[in-house]
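# Residue-level structural notes
Below are the chains, spelled out letter by letter.
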Amino acid sequence: MTRLEAARERILATYRDRTKRSRELFEQAGQVLEGGTTRTSVFFAPYPCYVSEGRGARVTDADGNVRVDFVNNFTSLMHGHAWPPIVAAVERQIRRGSAFAAPSELELELGRLIQERLPSMERLRFTSSGSEAVLFALRVARAFTGRRKIAKFEGGFHGSHELAQVSVNPPLDQAGPAETPASVPDSAGIPADWAEDVLIMPFNDLAAVERLVERHVGELAAVIVEPVMGSGGVVAARPEFLTGLRELTARRGILLILDEIISLRVALGGAQARYGVRPDLTTVGKIIAGGFPMAAFGGREDLMALMDPRGGKAAIPQSGTFNGAAVCCAAGIAGYGGITPEVQARIDALGEDLRARANVLFRRLGVPAQAIGVGSLFNLHFTAEPIESYRAVARGDRARGALLALALMNRGVFLASRGMGCISSVMTGAEIDAFLNALEGALVEDLELRGGT
Ligand SMILES: Cc1ncc(COP(=O)(O)O)c(C=O)c1O
């Protein structure tokens, strides 16, 4: 048995020992929910922890273990759990009804707040999920341009539908040349010719993107990009890459869609404010709804006019039972509205501190790993290679990263198994210290990684 295998056995044994109730529940769930879960992204081996309560920066699992939560429902909780202003707003609203087959003033108020912070969203619409928001943004782009193809970046995640589930996490041996990546469906059930409608481009490589766009210029409706590739490893676009993309797409009459479902948290006005790029369409989600399920898409008025039902039939009808649900909007007004410039500056600084200290620790221990990210978003990667693209992430030791996340769980830190985390507004330096202590313990004692081995 290698040292790594021995470490894995120990870490798994501790995890199993401390999470017996979660294991029982997961076994029962296997008889009800396919694979024991209802969300692939929260599954990790050997089984995920059941959370019974979240309060502030911490979650308590079904066995009573308390952990500092750096996942925050995959970055959607800006204020941790059960933040009093959100609880109060939701309680107030739920007594008056949670959702109606009619608009409420709350959707207007939240819409205005989003529009004020992201002026490129001249008109917007709410959806129940980020996947839907992207689906509609792409449909608007296809309808407006009359073109079929869209371009996305290798490693970019835009939700669960057919046009998005292409080359999200392609095996490197199937991914094709770095400068002309193959379109690899990430899911069964996506016909090959649908995947061919999705041109895959390399992130942060403007010269390669220019060549690809020129080759497909008459066919492309839109380029969709996450300014910070979130689920792909929290890889930030270089500023000149995004401004170059804006210039290229505008010059070639192709729409630019910024998917800010994760990157909205990097500035009050999202990454588009931070980078100074005005897209044609934007999708936002996660933090806009205070922990409730809602997202939005919007952009140029002439594009969004396709959704206007006033002249008879909308060119693009958009329904959705819970679109703009009052209770989600109430939570959003409290939660998204509760992000002040001071809050933003504080979480950004804590994120900066966490990354800097984690990187000092990796260097001191001689561990070939790094913490990358922007503002309050971070990701740990087991690679010494500079990370600017999906392929650099994929060349890292992702199995070791997942093992580290499990070791951190044993030490009271909840981090996504792909190493992704974020800071919430209820965290202070104490939570960052807890993270760093757990990280050092996990690396040195659990993974025995001192000295670059
Ligand atoms: C950038 C991005 N786009 C789209 C989505 C899909 O959102 P949802 O999970 O709400 O469908 C996600 C979800 O993580 C995301 O990170």
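It should be emphasised that the depicted structure is a prediction, and the values quoted were computed from it without experimental measurement.

Our focus in this paragraph is the sheet that holds strand E4 (residues 123-127). Strand order across the open sheet formed by seven strands is E4-E12-E11-E10-E7-E5-E6, with mixed pairing between neighbours. The open sheet is flanked by E4 and strand E6 (198-201), the only strands paired with a single partner. Neighbour to neighbour, the strand axes of the sheet diverge by 20° on average, direction disregarded. As paired strands, E4 and strand E12 (residues 295-299) are joined by five bridges and run antiparallel to one another. If you follow Leu124 over to E12, its bridge partner there is Gly298. Along the sheet, helix H9 (residues 239-251) makes contact with strand E5 (149-153), strand E7 (220-225) and strand E10 (255-259), crossing E10 at roughly 150°.

Our focus in this paragraph is the layout of surface pockets. Within this model, the second largest pocket holds a volume of roughly 790 Å³. As for the second largest pocket, its lining consists of 31 residues, and the residues nearest its centre are Glu107, Leu124, Arg125, Phe126 and Gln318. For the lining of the second largest pocket, the secondary-structure elements that each account for two or more residues are helix H5 (105-117), E4 and helix H11 (301-304). Looking at which element gives the most residues to the lining of the second largest pocket, the answer is H5, with six residues.

Before going further, it helps to spend a moment on the sheet that holds strand E16 (residues 420-422). With antiparallel pairing, the three strands of this open sheet are ordered in space as E13-E14-E16. Looking at the sheet topology across the chains shown, the edges are occupied by strand E13 (370-374) and E16. With strand direction ignored, the average angle separating the axes of adjacent strands in the sheet is 25°. Alignment of E13 against strand E14 (residues 377-381), held across five bridges, turns out to be antiparallel. Among the inter-strand pairings, Gln370 is bridged to a residue of E14, identified as His381.

Cut-offs applied
Residues numbered from 1 in each chain as written. Predicted model: local features only at pLDDT ≥ 70, side-chain atom pairs only at ≥ 80, totals over all residues. Heavy atoms only, no water. Pairing = 2+ DSSP bridges. Helix = DSSP H or I, 4+ residues; strand = E, 2+ residues; numbered from the N terminus. Axes fitted to C-alpha atoms, helices over the stretch in contact; angles between N-to-C directions. Contact = heavy atoms within 4.5 Å. 1 Å grid on protein atoms, 1.4 Å probe; cavity = no way out; pocket = protein on both sides within 12 Å on 5 of 7 lines; lining within 4 Å. Points joined across faces, edges and corners; volume = space filled by probe spheres on them.

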